[in-house]
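So you can see what is in the structure, the chains are spelled out below.
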Amino acid sequence: MSDVAALIARWREIDRLARDHDARLVAVSKYAPDAAVAALIDAGARDFGESRPQQLRDRARRWPHCRWHMIGPLQRNKGKYIAEYAASWLSLASLDCARVVARRLGEGRPPLPVMVQVNLAGLPQQSGIAAGECAAFCRELEQWPQLQVVGLMAMVPRDGDTAAAVARLRRLKGEVGRESMRHICVGMSHDYRQALAAGATMIRVGSALFGAWDVRRA
Ligand SMILES: *Cc1c(COP(=O)(O)O)cnc(C)c1O
């Protein structure tokens with residue numbers, strides 16, 4: 001099988017597994033070259049995750065029929081790219097950034113779907129708000145109707161307990177109690193199977209999908 005055929009086969013398999021669980025796969029293309037992205041789009045992929053706002057912008061301009069999801073930490077001065085080009089923002093963890101993006105979205109546009117990133121394990125190298133602050137943080141976000149909170153997102157470390165993380169986010173979601181909050185976005189290359197089995201509704205898979213295409217550009 002060629003590299004392209006193998007990539008497409010991996011995408012089909014993970015996408016089908018996600019659909020079997022009523023979940024969505026976001027193909028994390030942050031380290032993948034355009035050629036690999038183009039091959040997946042030809043095969044039918046539409047949801048991609050990017051962590052660098054300029055690359056998200058460039059790819060959204062090039063492939064406007066796809067959905068480009070922001071998944072990384074955001075600097076305030078890059079908020080304009082998210083407001084203009086992102087289909088959703090899955091890593092919201094700062095009110096400052098929320099304000100910038102909301103202001104850029106302005107009036108008269110449909111609200112941008114966002115997920116609040118929770119740092120469940122309290123890891124210093126991860127962004128995200130503390131679990132105990134989640135409900136108050138979501139209440140603060142209500143001041144910006146341009147942002148619609150659709151779920152909670154977390155990253156589980158390799159040695160972490162993915163099922164427990166999904167269960168914890170589901171409880172937090174219940175505490176926040178917003179009807180618009182449908183999604184639990186947990187599951188990466190190392191744990192997407194466990195995340196789906198535990199009830200995640202969206203997974204973000206990069207290296208397990210792109211394999212050797214994933215060049216881990218810093
Ligand atoms: C890079 C990244 C992923 C994908 O990670 P893989 O281990 O390559 O699947 C998922 N979520 C976030 C927030 C990321 O930054």
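The coordinates are above.
Counting restarts for each chain: residues are numbered from 1 in the order of the written sequence. In keeping with the predicted nature of the model, local features appear solely for residues at pLDDT of at least 70, side-chain atom pairs appear and are counted solely at 80 or more, and the whole-chain, interface and lining totals rest on all residues. Think of the side-chain values as coming from all heavy atoms in the structure, minus any hydrogens and water.

Draft legend 1. Molecular detail of the pairing of strand β4 (residues 88-92). Under the scheme applied here, a residue whose accessible area is under 20% of the maximum for its type counts as buried, over 50% as exposed, and between as partly exposed, the area being computed with a 1.4 Å probe on protein chains only. Strands are runs of DSSP state E lasting at least 2 residues, helices are runs of H or I lasting at least 4, and numbering of each runs from the N terminus. With respect to burial, β4 is a largely interior element, 5 of its 5 residues being buried. The β-α-β motif built from strand β3 (residues 67-70), the intervening helix α4 (residues 79-85) and the parallel element β4 has right-handed crossover chirality. Every crossover in which the path from the first strand over the helix to the second runs clockwise, viewed with the strands pointing away from the viewer, is termed right-handed.

Draft legend 2. Representation of the pattern of salt bridges. Salt bridges are defined as contacts in which a side-chain nitrogen from Lys or Arg sits within 4 Å of a carboxyl oxygen from Asp or Glu. All chains considered together, the criterion is met by 11 salt bridges. With a shortest N-O distance of 3.0 Å, Asp58 and Arg57 are connected by a salt bridge. You can call Asp58 partly exposed: its relative accessible area is 41%. For Arg57, a relative accessible area of 18% corresponds to the buried category.

Draft legend 3. A look at the nonpolar core. To form a nonpolar core, buried Ala, Val, Leu, Ile, Met, Phe, Trp, Tyr and Cys residues must be joined to one another through side-chain atoms within 4.5 Å. Among the nonpolar cores identified, the biggest contains 67 residues, and Leu40 and Trp89 are the most heavily contacted of them. When checking whether two residues touch, look at their non-hydrogen atoms; a contact exists if any pair is within 4.5 Å. If we skip the residues at most four places from it in the chain, Trp89 touches Met70, Leu74, Ile82, Cys97, Ala98, Val101, Leu112, Pro113, Val114 and Met115. Membership of the second largest hydrophobic core comes to 9 residues, among which are Ile71, Leu90, Met115 and Cys185.

Draft legend 4. Region of the structure containing the packing of helix α1 (residues 3-20) against helix α2 (residues 34-43). Note on method: axes are straight lines fitted to C-alpha atoms, helices fitted across the in-contact stretch only, with angles between N-to-C directions ranging 0 to 180 degrees. At a closest axis distance of 10 Å, the pairing of α1 and α2 adopts a crossing angle of 55 degrees. On the basis of their axis angle, the class for α1 and α2 is oblique. Judged by the sense of rotation from one axis to the other, the crossing of α1 with α2 is right-handed. Counting all contacts with α1, which are made through Val4, Leu7, Ile8, Trp11 and Arg12, the residues of α2 involved are Ala36, Ala39, Leu40 and Ala43. When residues are grouped by polarity, Ala, Val, Leu, Ile, Met, Phe, Trp, Tyr, Cys and Pro land in nonpolar, Asp, Glu, Lys and Arg in charged, and all others, Gly among them, in polar. Here the contact of α1 with α2 is built from residues that sort into 8 nonpolar, no polar and 1 charged. Any angle that is under 35 degrees is reported as roughly parallel, and any over 145 degrees as roughly antiparallel; angles of 65 to 115 degrees are reported as roughly perpendicular and all others as oblique. Left-handed describes a crossing whose near helix is turned anticlockwise from the far helix by less than a right angle; the clockwise case is right-handed.

Draft legend 5. Helix α7 (residues 162-176), seen in detail. With 15 residues, α7 should cover 21 Å at 1.5 Å per step; its first-to-last C-alpha distance of 21 Å lies within 8% of that length. The complete set of buried residues in α7 reads Thr162, Ala165, Val166, Leu169, Leu172 and Val176. Down the axis of α7, the sector holding all buried residues measures 125 degrees, keeping them to one side. Residues of α7 that are exposed and point more than 90 degrees away from the buried face comprise Arg171, Gly174 and Glu175. Elements that come into contact with the buried residues of α7 comprise α6 (134-141), β6 (147-153), β7 (183-185) and α8 (192-198). Where α7 begins, the capping side chain belongs to Asp161, and its oxygen is found 3.2 Å from the backbone nitrogen of Ala163. Phi turns positive, to about 65 degrees, at Gly177, one or two residues after α7. Expected helix span is computed as 1.5 Å times (number of residues minus one). Note: the arc covers the axis-to-C-beta directions of the helix. Contacts described as polar in this section are N or O atom pairs within 3.5 Å, which, within protein, must combine one atom able to donate a hydrogen with one able to accept it, while residues neighboring in sequence count only if both atoms come from side chains.

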